[in-house]
Amino acid sequence: MNDSDKESLIGNLLKLLPSYNHCFHNFSYIRSLDLTKTQLKVLIILKQHGGMSMSKLADLLSTSREQTTRAVSPLADRDYIIRLTNEKNRRILNVAITQSGLDFLQNLRKNYAVQLLESIEKLSEKEINDFISSLNIIINTLEKIAVKME
């Protein structure tokens, strides 16, 4: 891979996240939920990875433990997550998603799907198929890269 290809790859990867964030965070239903982007990410991470320590959650969010705590507290108040003291080390606080949190994400997913599908209907059938194929390639590739970065 030459330098120009490397620059293009890095530039396109850096464009991907803001573009996705724009599509995901700016649909009208999310704005009505009284939930921050970080809080939404907390729920999604806990759904994907299960229970974990606050430190691990902060690492996955790429934020400080303090910012993670500020995001977690309102979610616990809403019964979307539960905080548990670690049995082996009482200084460690673990968090896990609750059934209410899972139900919330399921409802969010349904509403997101409706709005996203309305937007996708503006594309041609070929564009839709290309988009799906490209997403599968991107997801598989990013998963491989993530494993190598650990």
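Because the structure is predicted, anything quoted here is derived from the model rather than measured.

## Here we look at the side chain of Gln 39
Line of reasoning, step 1. On the secondary structure map, Gln 39 appears in helix α3 (residues 37-49).
Line of reasoning, step 2. In this structure Gln 39 comes out as buried when scored by relative accessible area, which is 7%.
Line of reasoning, step 3. Setting aside anything within four residues of it in sequence, one finds Gln 39 in contact with Asp 34, Arg 70, Ala 71, Pro 74 and Leu 75.

## Considering helix α4 (residues 54-61)
Line of reasoning, step 1. Buried within α4 we find Met 54, Leu 57, Ala 58 and Leu 61. The buried residues of α4 occupy one face: seen down the axis, they fall within an arc of 100 degrees.
Line of reasoning, step 2. Residues of α4 that are buried sit in contact with α3, β1 (52-53), α5 (65-77) and β3 (93-97).

## A few points about the sheet that holds strand β2 (residues 81-85)
Line of reasoning, step 1. An order of β1-β3-β2 is seen for the three strands of this open sheet, with the pairing classed as antiparallel. Each edge of the open sheet is held by one strand with a lone partner, namely β1 and β2.
Line of reasoning, step 2. One ladder, built from five bridges, connects β2 with β3; its direction is antiparallel. When the bridges of β3 are listed, Thr 85 appears paired with Leu 93.
Line of reasoning, step 3. Sheet strands in contact with α3 are β1, β2 and β3, and its direction is about 85 degrees off that of β3.

## Let's talk about the nonpolar core
Line of reasoning, step 1. Within the largest apolar cluster, 22 residues are counted, with the highest numbers of intra-cluster contacts made by Val 42, Leu 43, Leu 57 and Ile 81.
Line of reasoning, step 2. Elements represented by at least two residues in this core include exactly α3, α4, α5, β3 and α6 (99-120).
Line of reasoning, step 3. Of the residues forming this core, the biggest block, five residues, is contributed by α3.
Line of reasoning, step 4. Discounting chain neighbours no more than four positions away, the residues touching Val 42 are Leu 57, Leu 61, Ala 71, Val 72 and Leu 75.

## Some words on the environment of Glu 66
Line of reasoning, step 1. One can find Glu 66 in helix α5.
Line of reasoning, step 2. Assessed through its relative accessible area of 52%, Glu 66 is described here as exposed.
Line of reasoning, step 3. Sequence separation between Glu 66 and Phe 104 is 38 residues, and the spatial gap between their C-alpha atoms is 25 Å.

## A short note on the environment of Ile 97
Line of reasoning, step 1. Tracing the backbone shows Ile 97 in strand β3.
Line of reasoning, step 2. Not counting chain neighbours up to four residues away, the residues in contact with Ile 97 comprise Leu 43, Leu 46, Lys 47, Tyr 80, Ile 81, Leu 102 and Leu 105.

Analysis parameters
Residues numbered from 1 in each chain as written. Predicted model: local features only at pLDDT ≥ 70, side-chain atom pairs only at ≥ 80, totals over all residues. Heavy atoms only, no water. Helix = DSSP H or I, 4+ residues; strand = E, 2+ residues; numbered from the N terminus. Buried < 20%, exposed > 50% of the residue type's maximum accessible area, 1.4 Å probe, protein only. Contact = heavy atoms within 4.5 Å. Arc of directions from axis to C-beta. Pairing = 2+ DSSP bridges. Axes fitted to C-alpha atoms, helices over the stretch in contact; angles between N-to-C directions. Core = buried A, V, L, I, M, F, W, Y, C linked by side-chain atoms within 4.5 Å.

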